[in-house]
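Structural characterization, general
Take a look at the letters that make up each chain.
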Amino acid sequence: MSETVDPITRSVVQHRLSSIVAEMGEAMLRTSYSQILNSSRDFSLAICDVTGRLIAQAEHIPVHVGALPWATRAVEERIRDVVPGDMILMNDPYHGGSHLPDLTVFVPVFDGERRLLWTIVRAHQSDIGGATHGAYNPDATEIWQEGLRIPPIRLAEAGRMRDDILDMLALNVRNPYDFRGDLAAMIGAAHLGERRVKKLLAELGTPVVEAAIEAVLDAAEAQARAVVSTWRDGTFHGEALLDDDGRGRTDIRIAAKVTKRGSDVEVDLSDSDPQASSFVNSSHANMQAAVAMAFAYLIDPDIPKNSGALRPLTVKAKQGTIVWADPGRPVTLCTSHPGNEIVEAIVKALAGSCPDRAMAGWGRRYRIAIQGENPRTGRGFIWHMFHARPGGGASSGGDGWSSIGEWHSAGGLKFGSIEVAEARFPLHFRKHEFRPNSGGDGQYRGGLGVALDLVLETTRPALGNTAGEGTRHGSAGMLGGEDSAPHRYRLLSEGRPPRELRTKEVGIEILPGDYLEVRSAGGGGWGPPAKRSQAARERDRLQGLVTDDAEAV
């Protein structure tokens, strides 16, 4: 490209693009219908170019964004005659998607007749059809049992919405009102991004913006390579274990061989265990996203997380393994698991290369989706539990954050207002507080999980599904730090013995007045516990974060 830009122009374009995706996120937050989006913020925004390079992203859900280049390439391969006013929709894990609940909207950005970029919104739907409510089906043995599969299709053609397709999609989900509203919010946010990018092109000129984008990517690569070059060379190994597949197979292994040479890093996951018969498999795009997450967490936080920053990274994997399932396998849990475990295995490996950057493990995702009738409205509801977030792992910089969430979202998912949840749904939160003793011990302590007691205030029985991990294995300690306490979830009913909830089951009967006793995991500890200062231990006890009461765990 003949056009050159000075550092100031490069910085202006970089920050303008970042502000555009951030504004798209604010539009999503304010216009989406379902609590999974307007409260828990389970969505992400990005700008990619027509070759699939990630140009800019908002700080939302890393596992979403890391997969978007693969989704963009799938769109480019399938739909070659895009015109202004087109809009593309997709979700299929075997066409560049992560898992079926994550719908993705693409709006093209043209300069005259030349298409330059895509503004992209990915958002998790509260239901996507299939055999069970809430988008997660632990009983699935094939992807067709998990919900609607949407390869890249035109939802709008030259500015005209395909209402027939929209009607078909809405007809196949359990909450069409929220589905239509959330999809409208996604469309609006993507078009907002398109307008803002066009304004930038008009102000600075397309050649200047294109040259600035190349300069931004090159600068991110140079910054990332400068960091990696300070790490120790060698080949390093790490592994992480999934609890189970929900069908009796336990301790499913994710193995990472990481080779670091100069400023290059190669991650090889080929030795991971064979794929499963349940939804704990990963799609290819999700695996790539998890590897990109792990690398991004280890480089400097102020380096723009775009395709330039990922140029030092090479990924190898084998199809038919737990990290890259064959087409047709169920994969819905994959963004959480084995997404988290892929990150954990890579970070464990690179602890031998860059120990001061290798944080301990973050808590694993353990969700509950409840379907029932709200007696205050007479309408059905589907509620996803985003509360009781687990703790984050400690690092060389200090103790882990408490109730921050899982590695795959890095704090991007929120549990939202308890009061709003109680107003929208027939729920009563008796308790929602830090869980003492749940963080792993170490020179720096893992963040705490949460103790939650939640009462279901329905008049008719409801059904619950669980989908997650972490009752067998806690969050991994790092470099001598201890693992956290694992999750413990129970259902308590009057006249019935307490029922331990498994992480992967469907059709759990929840009677009116029953309550869930949720105790979420903390984060892993970093460094040997013997090195923790006495002052830090006294502060933990004074604040009630660590106690002598074994029952408090």
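Reading the values: the criteria
- Residues numbered from 1 in each chain as written.
- Predicted model: local features only at pLDDT ≥ 70, side-chain atom pairs only at ≥ 80, totals over all residues.
- Heavy atoms only, no water.
- Phe/Tyr/Trp six-rings, centres within 6.5 Å; stacked < 30°, edge-to-face > 60°.
- Helix = DSSP H or I, 4+ residues; strand = E, 2+ residues; numbered from the N terminus.
- Buried < 20%, exposed > 50% of the residue type's maximum accessible area, 1.4 Å probe, protein only.
- Domains from an automatic or database assignment.
- Buried area = accessible area lost by both parts, 1.4 Å probe.
- Salt bridge = Lys/Arg side-chain N within 4 Å of Asp/Glu carboxyl O.
- Polar contact = N/O pair within 3.5 Å; in protein donor to acceptor, adjacent residues only side chain to side chain.
- Nonpolar A, V, L, I, M, F, W, Y, C, P; charged D, E, K, R; others polar.
- Core = buried A, V, L, I, M, F, W, Y, C linked by side-chain atoms within 4.5 Å.
- Contact = heavy atoms within 4.5 Å.

What follows deals with the packing of aromatic side chains. Counting across every chain of the model gives seven aromatic pairs. With centroids separated by 5.8 Å and ring planes inclined at 85°, the aromatic side chains of F106 and W118 adopt a geometry described as edge-to-face. Here W118 lies in strand β5 (residues 114–124) and F106 lies in strand β4 (residues 102–111), a separation of twelve residues in the sequence. Using a relative accessible area of 0% as the deciding quantity, one classes F106 as buried. Among the residues examined, W118 registers a relative accessible area of 0% and is labelled buried. Seen from their ring centres, Y444 and W526 are 6.1 Å apart, and the 40° between their planes marks the pair as tilted. Placement of Y444 in the loop between β14 (427–434) and β15 (450–456) and of W526 in the loop between β20 (515–519) and α10 (534–542) is noted, with a sequence separation of 82 residues between them. You can call Y444 partly exposed: its relative accessible area is 25%.

Moving on: the domain arrangement of the protein chain. Bring the parts together and some accessible area is lost; that lost area is often taken as the interface size. Assigned domains within the protein chain: domain 1 (7–221) and domain 2 (359–553). Distance between the C-alpha centres of domain 1 and domain 2: 31 Å. Across the interface of domain 1 and domain 2, roughly 1,900 Å² is buried in total on both sides, 61% from carbon and sulfur atoms. When the area that domain 1 buries against domain 2 is broken down by residue, the three leading residues are Q35, H133 and P138, summing to 33%. Summed over the shared surface of domain 1 and domain 2, the number is zero salt bridges. Between domain 1 and domain 2 we count eight residue pairs in polar contact (both at pLDDT 80 or more) in total. Counting residues per element, the side of domain 1 that touches domain 2 draws most heavily on helix α2 (residues 35–38), at three residues. Considering only residue class, the side of domain 1 that touches domain 2 consists of seven nonpolar, twelve polar and five charged.

The next thing to look at is the nonpolar core. Ranked by internal contacts, the top residues of the largest apolar core, which has 116 residues, are L17, M28, V105, L183, W231, I342 and I346. Per element, the largest residue contribution to this core is eleven residues, and it comes from helix α5 (residues 176–204). The residue makeup of this core includes at least three contributed by each of domain 1 (7–221) and domain 2 (359–553). For I346, the contacting residues outside a window of four places in its chain are A256, V258, V267, V291 and A294. I368, M385, F425 and L452 belong to the second largest nonpolar core, which has 24 residues in total.

On to unusual backbone geometry. In this chain, H337 is followed by P338 through a cis amide linkage whose omega measures 20°. Tracing the chain through its elements places P338 in the loop between β11 (313–316) and α8 (339–350). The phi dihedral of A158 is positive, around 50°, even though this residue is not glycine. Positive phi, close to 55°, is recorded for A388, a residue that is not glycine. Relative to the elements of secondary structure, A388 occurs in the loop between β13 (379–384) and α9 (418–424). Note on A388: relative accessible area 3%, which makes it buried.

Enumeration according to the criterion identifies 49 salt bridges in this entry. Residues R114 and E210 are paired through a salt bridge, measuring 2.9 Å at the closest nitrogen-oxygen approach. With R114 in strand β5 and E210 in helix α6 (residues 206–228), this pair connects stretches of sequence that are 96 residues apart. Using a relative accessible area of 41% as the deciding quantity, one classes R114 as partly exposed. Among the salt bridges present, the one from E505 reaches R502, with a minimum N-O distance of 3.7 Å. Exposure remark for E505: the relative accessible area of 4% places this residue in the buried category. What emerges from the salt-bridge pattern is a single network uniting D243, D244, E341, E344, K348, R364, E469 and K504.

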